[in-house]
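Descriptive structure summary
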Amino acid sequence: MVHVCTIVPISLTVGANRIVPAVAIPHPLGDPSRTPEEEVQIRRKLVLKALKALGTEVHEQTVFTD
Amino acid sequence: MSYRVVHYINQFFAGIGGEEKADYRPEAREGVVGPGMALNAAMKGEAEIVGTVICGDSYFAENLASASAEILGMIKKFNPDAVIAGPAFNAGRYGTASGAVLEIVAKELSIPVVGGMYPENPGVELYRKSAYIAKTSDSARGMGPAVQGMAVLLLKQLNGEKIGSPDEEGYIERGLRVNVFLDKVGGERAAEMLAKKLRGEPYKTEYPMPVFDRVVPNPPIRDMKNAVIALVTSGGIVPKGNPDHIEASSASHYGEYSLAGVMTADEANYETAHGGYDPTYANKIPNRVLPVDVMRLLEKEGVFKKFHETFYTTVGNGTSVANAKKFGTEIVGKLKRDGVDAVIVTST
């Protein structure tokens, strides 16, 4: 399980072990200030980061930043 | 001469707006705003709210460090003797924000602070060691008692009075240990407790065992190309019309929906049921919360073997911890039954 979320401290508190910080609360995997095509690219990057986190060995709670 | 107090509240209680104004930047105002009036009344002239600082819940959550610093600056200008924040009840972002404000004030200004939250508010776990947090109900219906409890805790601190146990004073356990002298030594008390236990009589533990909700991290997915990946969300994305009526807050159930033949979570077929964030962006492009389009793209490219045909969804807004645990356990059971290897959970 990987948690793609905006408020990382809450995710840490409830015990997620793999965390990927998202864009913003109303649009965690999007950015309305960009074009739809750019948004898909942003979304791709985030989902790929999430998949990478799933494939990474961790021994404690880990936040996957860039 | 009464004590000077600054009150921190969010955009909703300041009457500025709801979720659509959750990105409101920090603002300072003279005197009371909103529930500050009730707090003032409860402090009966001994202390007075001289200024109010307002900030949007999402703005604070997305700019924790800079917002805390900016708000600290605004608070300092009022030259306060104490700071009070909330009550936030069960509002997660508000609890997190108010707790963060109290923490930075306590640390940098060394003055008394008080907050008010429902015990399940995430702000409690994060900040209960930094500030007294009065125990409140889960909604603003409990404003009356909340305000009373907070006022008493603040005045006691200001007057240098001793503050008793959490039970006595109505605040949430802080997890701080205090040394006290008792009449009997530990060995005697332990023996008495054991005797009661053996006789089947009621006894009270002196130290409740802490509950750490932690799990050992799962091993990584070593063969992603052959993995089945599922999506689960607490962001409330549901089929248009919310056919199973998942509640906007305090969800009583979760939804299970087929993604067979679905290439994208679009405006025509999906919406959000979540009442805890501005739904505009998620309703326009539900992929922004449930990334179906990208999962399909990556599936086609062979990054993983299969995008699981079912997604699970609920609304995380004010959902009780007990329910959340129940939903999670059930969903995991189904995912395992269906041969899913890993899950991406998205939250707003």
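Residues numbered from 1 in each chain as written. Chains lettered and ligands numbered in written order. Predicted model: local features only at pLDDT ≥ 70, side-chain atom pairs only at ≥ 80, totals over all residues.

**A few points about the domain arrangement of chain B**
Residue and element names in this part refer to chain B.
- Each assigned domain of chain B is listed with its residue range as follows: domain 1 (3–169) and domain 2 (224–346).
- The centre of domain 1, based on its C-alpha atoms, is set 34 Å off from the matching centre of domain 2.
- If you look at the interface, domain 1 gives five residues, while domain 2 gives five residues.
- Here the residues of the side of domain 1 that touches domain 2 are counted per class, giving one nonpolar, one polar and three charged. (Domains from an automatic or database assignment. Contact = placed C-beta atoms within 7 Å. Nonpolar A, V, L, I, M, F, W, Y, C, P; charged D, E, K, R; others polar.)

**Quick notes on the sheet that holds strand β3 (residues 47–55) of chain B**
Residue and element names in this part refer to chain B.
- In space, the six strands of this open sheet follow the order β2-β3-β1-β4-β5-β6, with mixed pairing throughout. The two strands at the open ends of the sheet, each matched to only one other strand, are β2 (27–30) and β6 (132–135). Each strand axis lies, on average, 25° off the axis of its neighbour in the sheet, ignoring direction.
- Taken together, the four bridges between β2 and β3 define a ladder with antiparallel strand orientation. Counterpart to Ala28 in the pairing with β3 is Val53. (Pairing = 2+ DSSP bridges. Helix = DSSP H or I, 4+ residues; strand = E, 2+ residues; numbered from the N terminus. Axes fitted to C-alpha atoms, helices over the stretch in contact; angles between N-to-C directions.)

**Comments concerning the interface of chain B and chain A**
- Each side of the interface is counted separately: chain B has 40 residues, and chain A has 33 residues.
- Going through the elements one at a time, α2 (57–62), α4 (92–109), α5 (122–127), α9 (280–284), α10 (292–300) and β13 (342–346) of chain B are the ones with two or more residues in the side of chain B that touches chain A.
- The residue inventory of the side of chain B that touches chain A, partitioned by class, reads 25 nonpolar, eight polar and seven charged.
- Of the pairings in the sheet, the one linking strand β1 (residues 2–5) of chain A to β13 of chain B comprises three bridges and is parallel in character. Bridging across to β13 of chain B, His3 of chain A finds its partner in Val345 of chain B.

**Observations regarding the pairing of β13 of chain B**
All names here are of chain B.
- Of all five residues in β13, five are buried, a share of seventy percent or more.
- Judged by which residues are buried, β13 turns out to be covered on both faces: Ala342, Ile344 and Thr346 on one side and Val343 and Val345 on the other are all buried.
- As paired strands, strand β7 (residues 228–233) and β13 are joined by five bridges and run parallel to one another. Counted as the bridge partner of Val232 is Val345 from β13. (Buried ≥ 20, exposed ≤ 12 C-beta atoms within 10 Å, placed from the backbone.)

**Considering the pairing of strand β5 (residues 113–117) of chain B**
Residue and element names in this part refer to chain B.
- Extensive coverage of β5 is indicated by the burial of five of its five residues.
- By the alternation rule, side chains of β5 split into Val113, Gly115 and Met117 and Val114 and Gly116, which are all buried.
- Here four bridges tie strand β4 (residues 82–89) to β5, and the two strands are oriented parallel to one another. The residue bridging Ile84 from the neighbouring strand is Val114, located in β5.
- With α4 bridging β4 and the parallel β5, this β-α-β connection has right-handed handedness.
- For the crossover from β5 across α5 to β6, the handedness is right-handed. (Right-handed = clockwise from strand over helix to strand, strands pointing away.)

**Focus: the nonpolar core**
- In terms of nonpolar packing, the biggest core is built from 110 residues, with Val4 and Ala50 of chain A together with Val83 and Met150 of chain B touching the most fellow members.
- Lining this core are residues from two domains, each supplying at least three of them: domain 1 (3–169) and domain 2 (224–346) of chain B. (Core = buried A, V, L, I, M, F, W, Y, C linked by C-beta atoms within 7 Å.)

**A few points about unusual backbone geometry**
All names here are of chain B.
- For the bond from Gly86 to Pro87, the omega torsion is 5°, close enough to zero to count as cis.
- Although it is not a glycine, Lys44 adopts a positive phi angle of roughly 45°.
- Along the chain, Lys44 turns up in the loop between α1 (36–42) and β3.
- The exposed category is assigned to Lys44, around which 11 C-beta atoms lie within 10 Å.
- In the Ramachandran plot, Ser250 falls in the positive-phi region, its phi being about 50° despite a non-glycine side chain.
- Turning to its location among the elements, Ser250 is positioned in the loop between β8 (237–239) and β9 (255–258).
- Judged by local crowding, Ser250 falls into the partly exposed class, with 15 C-beta atoms found within 10 Å.

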